[in-house]
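In case you want the letters, here they are:
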Amino acid sequence: MERQCEHIHLEHDGKLLLVDMDGGGPGIPKKGRTEWDGGEFLLRLPTPDEARSMGLTWKERRVNHFRLGTDDHQVTVATPDIMWPEHWAWKDAVISDSAVDPVARESVYRTMHRVVSKVVITNPDGCILMAKVTRGFFTGCWTLPGGFVDYGEHPRKGAEREALEELGISITIPDPKGESGEAVSGDDGALIQEAIFLQDGINWISFTYRCEADIPAEDIVPKDDEIEEARWFTPEEALDNAVSLFDIEAILRIK
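Here the structure is a predicted model, which means the values were calculated and not measured. (Residues numbered from 1 in each chain as written. Predicted model: local features only at pLDDT ≥ 70, side-chain atom pairs only at ≥ 80, totals over all residues. Heavy atoms only, no water.)

1. Describing the overall build of the protein
So the rule is basically this: We count a stretch as a helix when DSSP gives it H or I for four or more residues in a row; a strand needs E for two or more, and each element gets its number in order from the N terminus. Radius of gyration here uses only the C-alpha atoms, and the compact-globule reference equals 2.2 Å multiplied by the residue count raised to the power 0.38. Working definition: with a 1.4 Å probe on protein chains only, accessible area under 20% of the residue-type maximum means buried, over 50% means exposed, and in between means partly exposed. By definition in these notes, contact holds between two residues if any of their heavy atoms fall within 4.5 Å. Methods summary: accessible areas were calculated by the Shrake-Rupley approach with a probe of 1.4 Å, and residue burial reflects only the protein chains presented. Only four residue types enter the charge count: Lys and Arg as positive, Asp and Glu as negative, with His and the chain ends excluded. Throughout, a charge is located at the NZ atom of Lys, the CZ atom of Arg, the CG atom of Asp or the CD atom of Glu.
Each helix and strand counted, the protein has 6 helices and 14 strands in total. A compact globule built from 255 residues would reach a C-alpha radius of gyration of about 18 Å, whereas the protein, at 23 Å, exceeds it by more than 25%. Once the C-alpha set of the protein is aligned to its principal axes, its extents read approximately 65 × 45 × 30 Å. Looking at the protein residue by residue over its 255 residues, the buried ones come to 46%. Of the contacts made within the protein by residues no fewer than 6 positions apart, 67% connect residues no fewer than 24 positions apart. Total accessible area on the protein stands at roughly 13800 Å², and carbon and sulfur atoms take up 49% of it. Here the protein holds 27 positive side-chain charges and 48 negative ones, and the gap between their average locations is 3 Å.

2. With respect to a nonpolar patch on the surface
Formally: For patch detection, residues must exceed 30% relative accessible area and be free of salt bridges, and they are connected within 9 Å for like charges or within 5 Å for nonpolar side chains (Val, Leu, Ile, Met, Phe, Trp, Tyr). Basic side-chain nitrogens of Lys or Arg form a salt bridge, by our definition, when they fall within 4 Å of a carboxyl oxygen of Asp or Glu.
On the surface, Phe 137, Phe 197, Leu 198 and Leu 245 cluster together into a nonpolar patch covering about 420 Å² of accessible area. The topology assignment puts Leu 245 in helix H6 (residues 245–254). For Leu 245, a relative accessible area of 54% puts it in the exposed group.

3. Here's the deal with the layout of surface pockets
Rules: Lining residues are those with an atom within 4 Å of a point, where the points come from a 1 Å grid over the protein atoms alone and group into cavities, where a 1.4 Å probe fits but cannot get out, or pockets, open sets with protein on both sides within 12 Å along at least five of seven lines. Grid points are joined across faces, edges and corners, and a volume is the space filled by probe spheres set on the points. Put simply, Ala, Val, Leu, Ile, Met, Phe, Trp, Tyr, Cys and Pro go in the nonpolar bin, Asp, Glu, Lys and Arg in the charged bin, and everything else, Gly too, in the polar bin.
Of the pockets and cavities examined, the largest pocket occupies roughly 650 Å³. The wall of the largest pocket is formed by 24 residues, among which Val 116, Phe 137, Phe 138, Phe 148 and Trp 204 lie closest to the centre. Elements supplying a minimum of two residues to the lining of the largest pocket: strand E8 (113–122), strand E11 (146–148) and helix H4 (155–167). Of the residues in the lining of the largest pocket, the class split is 11 nonpolar, 5 polar and 8 charged. Estimates place the volume of the second largest pocket at around 210 Å³. Looking at the second largest pocket, it is lined by 13 residues, and the ones nearest its centre are Arg 61, Val 77, Thr 111, His 113 and Asn 203. The residue inventory of the lining of the second largest pocket, partitioned by class, reads 2 nonpolar, 5 polar and 6 charged.

4. Considerations on the pairing of E8
Put simply, the test is: At least two DSSP bridges between two strands are needed for those strands to be called paired.
Of all 10 residues making up E8, 8 are buried, and the element is well covered by its neighbours. Pairing analysis gives 10 bridges linking E8 to strand E13 (residues 203–212), with the strands arranged parallel. Looking across to E13, one finds that Val 116 is bridged to Ser 206. The sheet contact formed by E8 and E11 spans 3 bridges and is antiparallel.

5. Concerning the side chain of Thr 122
Within the secondary structure layout, Thr 122 lies in strand E8. Looking at Thr 122, the relative accessible area reads 4%, which means it is buried. Ignoring anything within four residues of it in the chain, the contact list for Thr 122 reads Cys 127, Ile 128, Arg 210, Cys 211, Glu 212, Ala 213, Trp 232 and Ile 254.

6. Considering the sheet that holds strand E1 (residues 6–12)
The condition that has to hold: A fitted line through C-alpha atoms serves as each axis, taken over the contacting stretch for helices, and the angle formed by two N-to-C directions is quoted from 0 to 180°.
Spatial ordering of the open sheet is given by E5-E6-E1-E2-E7, a layout of 5 strands whose pairing is mixed. Every interior strand has two partners, whereas the edge strands, strand E5 (58–68) and strand E7 (89–90), have only one. Helix H3 (residues 102–110) rests against E1, strand E2 (15–16), E5 and strand E6 (71–80) of the sheet, and its axis sits at about 115° to E5.

7. Quick notes on the nonpolar core
The condition that has to hold: We define a nonpolar core as any set of buried Ala, Val, Leu, Ile, Met, Phe, Trp, Tyr and Cys residues linked to one another through side-chain atoms lying within 4.5 Å.
Grouped together as the largest cluster of nonpolar side chains are 22 residues, with contacts concentrated most on Val 119, Ile 121, Ile 169 and Ile 171. Contributions of two or more residues to this core are made by E8, strand E9 (128–133), H4, E13 and strand E14 (227–233). Filtering out sequence-adjacent residues up to four positions away, Ile 169 remains in contact with Ile 121, Leu 129, Ala 163, Leu 164, Ile 215, Asp 219 and Ile 220.

8. Some details on the pattern of salt bridges
Summed over the entire model, instances satisfying the criterion amount to 18 salt bridges. Where Lys 59 meets Asp 81, a salt bridge forms, and the shortest distance between an N and an O atom there is 2.8 Å. With Lys 59 in strand E5 and Asp 81 in the loop between E6 and E7, this residue pair connects regions lying 22 residues apart in the sequence. Given a relative accessible area of 57%, Lys 59 falls into the exposed group. Of the residues examined, Asp 81 reaches a relative accessible area of 36% and is grouped as partly exposed. One salt-bridge network, held together by shared partners, links Asp 150, Glu 153, Arg 161, Glu 162 and Glu 165.

Listed below in structure tokens is the structure:
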């Protein structure tokens, strides 16, 4: 059967609508399935027309575009206008079932959040520490220290770890909690931002913290395979050199 190139990703509170290859549903994946009868896939995302034929309406969130093999796919990500769909597929079960069409699995992959953690480090003169990276999305550009949050890691600890790994410096980001463990300020002390930068639909969430540290330039040791150099900038210079929207907003908050 020829694969459809227009799809709709209907998701509600962890549940996703899948259909069989004839458009009937809802279909339920089996986690860990690697073998099944027949050579075709068994489950896929519906087309918008198939979803409408089920009496469904929705609120569109965005349209993602990506290529698999030689086919270009357009996936409308939307929230259905229904109560919680108990009998739909759990989103987490979709990726590990090899009988689910790759477009559905790719769409689930793209709609999972990527979490990064960064830190604005200021010295007693009010300057901001930035690093010029040699790999990744911002290769050749100046960014705030930070990176991906590891599995099971608090974003604050992730920012501290990244500063040590990237620049060889040990920092402590203030924790806005009293000795009782209750939040004093009502939050984690981070600037939290969310954005989708490209049409492929990857969703980024950034936690940007702030700390003060009196670190001489000679004590900063950039990681050879990741950082070209590190430098203290005035807030105005940091803003002029920043390219990440997350970094720009964080620097603006302290100017």
